[in-house]
Amino acid sequence: MTATFDLIIRGATIVNHDGRRRADVGVRNGRTAAIGDLGRADAGEVIEAPGLHLLPGVIDTQVHFREPGLEHKEDLASGSLAAVKGGVTAVFEMPNTKPTTSTPDQLLDKLNRARGRMWCDHAFFAGATGDNAALLPEMERIPGCSGVKVFMGASTGDLLVAEDELLARVLASGRRRVAVHCEDEFRMRERKHLTDGGDVGQHCNWRDAESALLATRRLLALARVARRPVHVLHVTTAEEIIFLAANKDIATMEVTPQHLTLAAPECYETLGTFAQMNPPIREAHHRDGLWRGVADGIADVIGSDHAPHTREEKAKPYPNSPSGMPGVQTLLPLLLDHCAAGRLTLERVVDLTSAGAQRVFGLAGKGRLAVGYDADYTLVDLAARRTITRDWLASRCDWSPFEGKEVTGWPIATIVRGHVVMREDEVLGAPVGAPVRFVDALPPVG
Ligand code: DOR
């Protein structure tokens, strides 16, 4: 009897837990059903992919999609469109919207807004505040919640848990890994005067390396007392890499493509406030430290920290210009380009964009190109040379710090649970995104 599948991807080199090999992949009912020689099988849809590489779907574990309240910058539809155009199959979205996502109802509201409008799978973080610790255990158990997010230093929006006492309360409430933006609010308040001259080049001096390290150290001390696993978001300093390497039993960590690509002072000279983000882009020796974190396996995931603001907002004089840059669509092209330049292997790209997310956040049935798992794939052409241009970008903010950059390596197709949602830069079909499932917050039966 001839095997039949909904979709077969034929002849690509697949890259997964097994290394690299040429194989066909068959999808049935949204899951990977077979890997091997499917030359005699039938399928409703076939993608011929010789010469291309098939990766487990790329997961971006940190994006800001601005809905509700800041839809002039982005919304769940436009942000997820940018994601799939860039080869991303799932995103975890941050709680600093307007209102913030700090009650169960606000989290459920985001999940409702996402239904039928998002192009990729998604999860939402619960935002910790100074007084919602009692709500966090309930929030983190809602299916589709990626966990609790804490801002130790003020950034875009109102979420802030600056004091040890309040942070300890958050860490004592709930079980899942807590994701934390580590910048020490008190040190930054003392140094804010450094921004008085209006020079964006001071951004990484105001919010200096010590601010980041101090907060990460404070977090780890409190996490040990609470015996709570933590995830340090967008690590930016060489010192934190060394420190986190000594704390891998309890702490995981993220790096961003922009911190691996750009460096101070050049980025501020060329991009001005468009290079401004928190924690800041720093000098080249910190960037080298982050690359060591990638090479040594200390970094667990890559997140883009996609943080769109309009061009008009970003063009305001520093320090009135908002912090953040878009990145969900350029995450994979940048990583593939670094891969082409020999800075990391394709296997490490897979580890950082799928297996890492699976391990850090406890994804259920996702994050692995294997039989039985969700059929999320990113098909890439490692040899394609392309230039990042504004007309390719889908984010509502309509700019990228990487416009004009030529890269080697490009996403050719994005497949979400067996649905081909992007092929050759064209978005296809309907927004099929669904909530990501987590081992610690499985949806009810039925
Ligand atoms: O630069 C940043 N922008 N860092 C953050 O922590 C928040 C983000 C935003 O939401 O704009």
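Residues numbered from 1 in each chain as written. Predicted model: local features only at pLDDT ≥ 70, side-chain atom pairs only at ≥ 80, totals over all residues. Heavy atoms only, no water.

(A) The arrangement of the state of the cysteines in detail. Following the criterion strictly, the structure yields zero disulfides and no others. The thiol of C120 is not disulfide-bonded; the next cysteine sulfur, from C397, is found 16 Å away. Classification of C120 by relative accessible area gives buried; the value is 0%. On the accessibility criterion, C397 (4% relative accessible area) is buried. (Disulfide = S-S within 2.5 Å. Buried < 20%, exposed > 50% of the residue type's maximum accessible area, 1.4 Å probe, protein only.)

(B) Quick peek at the packing of aromatic side chains. For the coordinates displayed, the defined rule picks out six aromatic pairs. When the centroid spacing of 4.9 Å and the interplanar angle of 85° are considered together, the rings of F274 and W399 count as edge-to-face. Of this pair, F274 sits in the loop between α10 (266-271) and α11 (284-295) while W399 sits in the loop between β16 (377-387) and β17 (406-416), placing them 125 residues apart in sequence. With relative accessibility at 3%, the residue W399 sits in the buried group. Measuring from ring centre to ring centre gives 4.5 Å for W392 and W410, while their planes differ by 45°; the resulting arrangement is tilted. With W392 in the loop between β16 and β17 and W410 in strand β17, the pair connects residues that are 18 residues apart, well separated along the chain. In this structure W392 comes out as buried when scored by relative accessible area, which is 4%. Chaining the aromatic ring pairs together yields one cluster made of F92, F125, F361 and F438. (Phe/Tyr/Trp six-rings, centres within 6.5 Å; stacked < 30°, edge-to-face > 60°. Helix = DSSP H or I, 4+ residues; strand = E, 2+ residues; numbered from the N terminus.)

(C) Inspection of the site of the ligand at higher detail. Close to the ligand lie 14 residues; R66, N96, S155, T156 and N278 are nearest. Contact between the ligand and T156: an oxygen atom at 2.7 Å from a side-chain N or O atom of the residue. N278 has a polar backbone atom sitting 2.7 Å from an oxygen atom of the ligand. Coverage of the ligand by the protein amounts to 100% of the 290 Å² it exposes when considered alone. Taken together, the residues that form the shell around the ligand break down as three nonpolar, nine polar and two charged. (Near = heavy atom within 4 Å. Polar contact = N/O pair within 3.5 Å; in protein donor to acceptor, adjacent residues only side chain to side chain. Areas by Shrake-Rupley, 256 points an atom, 1.4 Å probe, with all protein chains shown as cover. Nonpolar A, V, L, I, M, F, W, Y, C, P; charged D, E, K, R; others polar.)

(D) The arrangement of the nonpolar core in detail. Counting 72 residues, the largest nonpolar core has V91, V150, L219 and M253 as the members making the most contacts within it. The greatest single-element share of this core, amounting to six residues, is contributed by helix α7 (residues 209-226). Aside from chain neighbours lying at most four places away, what touches V91 is D60, V63, F65, A83, M118, C120, D121, H122, A123 and V328. Counting residues in hydrophobic clusters, the runner-up holds 23 residues, among them M188, C204, W206 and W410. (Core = buried A, V, L, I, M, F, W, Y, C linked by side-chain atoms within 4.5 Å. Contact = heavy atoms within 4.5 Å.)

(E) Summary view of α11. Between its first and last C-alpha, α11 extends 16 Å over twelve residues, near the 16 Å set by a 1.5 Å rise per residue. Looking at α11, one finds that the buried residues are H286, G289, L290, W291, G293 and V294. Tucked inside the fold, the buried residues of α11 contact α7, α8 (238-245), β14 (251-255), α9 (257-261), α13 (331-340) and α14 (346-361). Backbone geometry just downstream of α11 places G297 in the positive-phi region, at approximately 80°. (Expected span 1.5 Å × (residues − 1).)

(F) Just the sheet that holds β16, in detail. Taken together, the seven strands give an open sheet; going across it, the order is β3-β2-β7-β16-β17-β18-β19, and neighbouring strands pair in mixed fashion. The open sheet is flanked by β3 (19-22) and β19 (426-427), the only strands paired with a single partner. Bridge analysis of strand β7 (residues 53-56) against β16 gives four bridges, and the strand direction is antiparallel. If you follow P56 over to β16, its bridge partner there is Y377. (Pairing = 2+ DSSP bridges.)

(G) Fine view of the pairing of strand β11 (residues 145-151). Of all seven residues making up β11, seven are buried, and the element is well covered by its neighbours. In the sheet, strand β10 (residues 121-127) pairs with β11 via four bridges, with the strands oriented parallel. Counterpart to F125 in the pairing with β11 is G147.

(H) Spotlight on the packing of helix α4 (residues 164-171) against α7. Direction vectors running N to C along α4 and α7 enclose 45°, while the axes themselves pass 9 Å from each other. Judged on the interaxial angle alone, α7 and α4 are oblique. Between α4 and α7 lies a crossing of right-handed hand. Seen from α4, the contacting residues are D164, L167, A168 and L171; seen from α7, they are R218, L219, L222, A223 and A226. Its residues assigned to classes, the contact of α4 with α7 shows seven nonpolar, no polar and two charged. (Axes fitted to C-alpha atoms, helices over the stretch in contact; angles between N-to-C directions. Parallel < 35°, antiparallel > 145°, perpendicular 65-115°, else oblique. Left-handed = near helix turned anticlockwise from the far one by under 90°.)

(I) How the structure looks around the pattern of salt bridges. Within this structure, the stated rule accounts for 33 salt bridges. With its nearest N and O atoms 3.8 Å apart, the salt bridge here joins R117 to D75. Note that R117 is positioned in the loop between α2 (104-114) and β10 and D75 in the loop between β8 (58-63) and α1 (76-85), a separation of 42 residues in sequence. Here R117 falls in the partly exposed class, since its relative accessible area comes to 28%. Looking at D75, the relative accessible area reads 11%, which means it is buried. Among the ionic pairs, D398 bridges to R311, the shortest N-O distance being 2.8 Å. Within this pair, whereas D398 is found in the loop between β16 and β17, its partner R311 is found in helix α12 (residues 311-314), the two being separated by 87 residues in sequence. Here D398 falls in the partly exposed class, since its relative accessible area comes to 29%. The class for R311 is partly exposed, based on a relative accessible area of 29%. (Salt bridge = Lys/Arg side-chain N within 4 Å of Asp/Glu carboxyl O.)

(J) Layout of the packing of α7 against α8. It is the contact of α7 with α8, at a shortest axis distance of 9 Å, that shows an interaxial angle of 15°. Of the possible angle classes, the one that applies to α7 and α8 is roughly parallel. Of the two elements, α7 crosses α8, and the hand of that crossing is right-handed. Of α8, the residues touching α7 (which contributes A212, L213, T216, R217 and L220) are E239, E240, F243 and L244. Per-class residue counts for the contact of α7 with α8 are five nonpolar, one polar and three charged.

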